[in-house]
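Summary of structural features
One letter stands for each residue in the lines below.
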Amino acid sequence: GNFVYARYGSASVTWLIYQRSLKPVFGSPVLTVGAAPDPHGDYREYFVGAGMNWNRPRYGMTPTLLFSSTTEGPHLQMWLSPWLDTDRWSFNSFIGAYVPFFNKDKGFTQLFIDPATLTRKLTDRVAVGGSWMFVRTLDSPTRHGLGPAFQLAVPKGLMIADWFFGPGASPNEFRITFQASF
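These remarks concern the structure in this document. Here the structure is a predicted model, which is why all the values come from computation and not from measurement.

What follows covers the pairing of strand E1 (residues 2-9). In this sheet, strand E2 (residues 15-21) lies alongside E1 in antiparallel orientation, the contact comprising six bridges. Of the residues in E2, the one forming a bridge with asparagine 2 is arginine 20. Taken together, E1 and the strand that follows it, E2, pair antiparallel across an intervening segment of five residues.

Nonpolar side chains collect at one region of the surface, where Tyr18, Val33, Val48, Leu65, Phe67, Leu76, Met78, Val99, Phe101, Phe102 and Phe182 lie side by side and expose about 990 Å² of accessible area between them. Counting only elements with at least two residues in the nonpolar patch, the list comes to strand E7 (64-70) and strand E8 (73-80). Relative to the helices and strands, phenylalanine 67 is located in strand E7.

With 16 residues, the main nonpolar core has Trp15, Ile17, Phe47, Trp79, Tyr98 and Phe112 as its most contacted residues. Sorting the residues of this core by element identifies E2, strand E10 (89-100) and strand E12 (126-137) as the ones contributing at least two each. Contact partners of phenylalanine 112, with chain neighbours within four places excluded, come to Trp79, Phe94, Ile95, Gly96, Ala97, Tyr98, Phe134 and Val135.

Tracing the backbone shows threonine 70 in strand E7. Within the local environment of threonine 70, its side chain forms a polar contact with the backbone nitrogen of glutamate 72, the two atoms lying 3.1 Å apart. Reaching out from threonine 70, the side chain makes a polar contact with the side chain of histidine 75 at a distance of 3.4 Å. When sequence neighbours within four positions are dropped, the list of residues in contact with threonine 70 reads Tyr43, Arg44, Glu45, His75 and Phe108.

Two strands pair when backbone bridges link them, and E2 and strand E3 (residues 29-35) are joined in this way by six bridges, in the antiparallel orientation. Along E3, the bridge assignment pairs glutamine 19 with threonine 32. In this sheet, strand E4 (residues 45-52) lies alongside E3 in antiparallel orientation, the contact comprising seven bridges. From the neighbouring strand, glycine 34 faces E4, where its bridge partner is phenylalanine 47.

That bond from aspartate 114 to proline 115 is cis: its omega, -5°, falls within 30 degrees of zero. Along the chain, proline 115 turns up in strand E11 (residues 110-121). Its identity is not glycine, yet aspartate 139 carries a phi of approximately 65°, on the positive side. Structurally, aspartate 139 is set in the loop between E12 and strand E13 (143-154). Positive phi values are uncommon outside glycine, yet lysine 156 reaches one of about 70°. Mapped onto the fold, lysine 156 is located in the loop between E13 and strand E14 (157-164).

Rules used in this analysis
- Residues numbered from 1 in each chain as written.
- Predicted model: local features only at pLDDT ≥ 70, side-chain atom pairs only at ≥ 80, totals over all residues.
- Heavy atoms only, no water.
- Pairing = 2+ DSSP bridges.
- Helix = DSSP H or I, 4+ residues; strand = E, 2+ residues; numbered from the N terminus.
- Patch = residues over 30% accessible without salt bridge, like charges linked within 9 Å, V, L, I, M, F, W, Y side chains within 5 Å.
- Areas by Shrake-Rupley, 256 points an atom, 1.4 Å probe, with all protein chains shown as cover.
- Salt bridge = Lys/Arg side-chain N within 4 Å of Asp/Glu carboxyl O.
- Core = buried A, V, L, I, M, F, W, Y, C linked by side-chain atoms within 4.5 Å.
- Buried < 20%, exposed > 50% of the residue type's maximum accessible area, 1.4 Å probe, protein only.
- Contact = heavy atoms within 4.5 Å.
- Polar contact = N/O pair within 3.5 Å; in protein donor to acceptor, adjacent residues only side chain to side chain.

Written out as structure tokens, the structure is:
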């Protein structure tokens, strides 16, 4: 199966991700390619990697190991994307880490949960709830935010709108996300 994820944020990088499960069954390999350009600055990132499909019909995750070429240098990335879907509730999260690949002076070490979202289904197509994000980069202030989330089921996927309100140096941000499986 195929999975596409595209996210635009008013204060963060744009995520463009394509994943291909070699067999759409539990335990099969998943290939990932994508980019994370920053429309608000000079940062650019391109990545490729592989993971495992540990998804069931109502829950799962896809652990993934990636190599990325960023503006700051090459990095290894690790991703987890746990999710759970019940009759009334839905939870999904995007968790990851960056580590400089060759030279620790050329790059950044980062841990993120961006975002974790819990929603309550109002109808078969509409869900509302909240999202939380946390980004910790060594030698930089921690960014985090919390706010409302709105999800709309579309053919083969979801449209998601999140509004994050961050304390202190964390920027307020509006995000729109599209994800689909086919």
